[in-house]
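Structural overview for review
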Amino acid sequence: MHGSGEFKHRLGKFFLIIIFMPLFFFGLAYAVWQLWNWLLPDIFGIKQISYWQALGLFVLSHILFKGGHWFGHGHHHSHREKAHWKRRMKEKMRHKLQQKLDQIDRELRE
């Protein structure tokens, strides 16, 4: 019985994604279209665009700025990798700070 409920849950989640993702995608394109036509003609004197042009701009900007990764994390690093990078950066900055303080100390002694 538990397996059937889990299957229904996954099936419902699948259909929700199938319906929600395109609506979200086309909704964002609609927002780009409306914002473009509301702001840019008055600010920069650029002509208005159609919905399909806005959709194209949305897709193009996503490809250019996000590397085409629609789902998932793309080039993002895991939490462990971020923590390692952050620790290394702190050590590096601490070392540079100590070098600078030593240099200032030597200059003050002279």
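All of the points below concern the structure found in this document. What you see is a predicted model, and the numbers here were worked out from it, not measured in a lab. (Residues numbered from 1 in each chain as written. Predicted model: local features only at pLDDT ≥ 70, side-chain atom pairs only at ≥ 80, totals over all residues. Heavy atoms only, no water.)

Brief notes about the overall build of the protein
Regarding its fold elements, the protein presents three helices and zero strands. Of the regular secondary structure in the protein, the N- to C-terminal order runs α-α-α. Counting every position in the protein, which comprises 110 residues, the buried fraction comes to 8%. For the protein, long-range pairs separated by at least 24 residues make up 32% of all intrachain contacts whose partners lie at least 6 apart in sequence. On the protein, roughly 10200 Å² of surface is accessible, and the fraction owed to carbon and sulfur atoms is 66%. (Helix = DSSP H or I, 4+ residues; strand = E, 2+ residues; numbered from the N terminus. Buried < 20%, exposed > 50% of the residue type's maximum accessible area, 1.4 Å probe, protein only. Contact = heavy atoms within 4.5 Å. Areas by Shrake-Rupley, 256 points an atom, 1.4 Å probe, with all protein chains shown as cover.)

A closer look at a nonpolar patch on the surface
A cluster of nonpolar residues, Phe7, Leu11, Phe14, Phe15, Ile18, Ile19 and Leu23, forms a patch on the protein surface that exposes about 740 Å² of accessible area. Mapped onto the elements, Leu11 comes out in helix α1 (residues 2-44). (Patch = residues over 30% accessible without salt bridge, like charges linked within 9 Å, V, L, I, M, F, W, Y side chains within 5 Å. Salt bridge = Lys/Arg side-chain N within 4 Å of Asp/Glu carboxyl O.)

Quick notes on the packing of aromatic side chains
The final tally for this structure, using the stated rule, is seven aromatic pairs. With a centroid separation of 5.4 Å and 75° between ring planes, the pair formed by Phe25 and Phe26 is classed as edge-to-face. For the ring pair Tyr30 and Trp33, a centre distance of 5.5 Å and an interplane angle of 70° mean the geometry is edge-to-face. Taken together, the positions of Tyr30 and Trp33, both in helix α1 and three residues apart, correspond to about one turn of that helix. A relative accessible area of 44% means that Tyr30 is categorised as partly exposed. For Trp33, a relative accessible area of 23% corresponds to the partly exposed category. These aromatic residues form a ring-pair network of at least three members: Tyr30, Trp33, Tyr51 and Trp52. (Phe/Tyr/Trp six-rings, centres within 6.5 Å; stacked < 30°, edge-to-face > 60°.)

That's the geometry; what it means functionally is another story.
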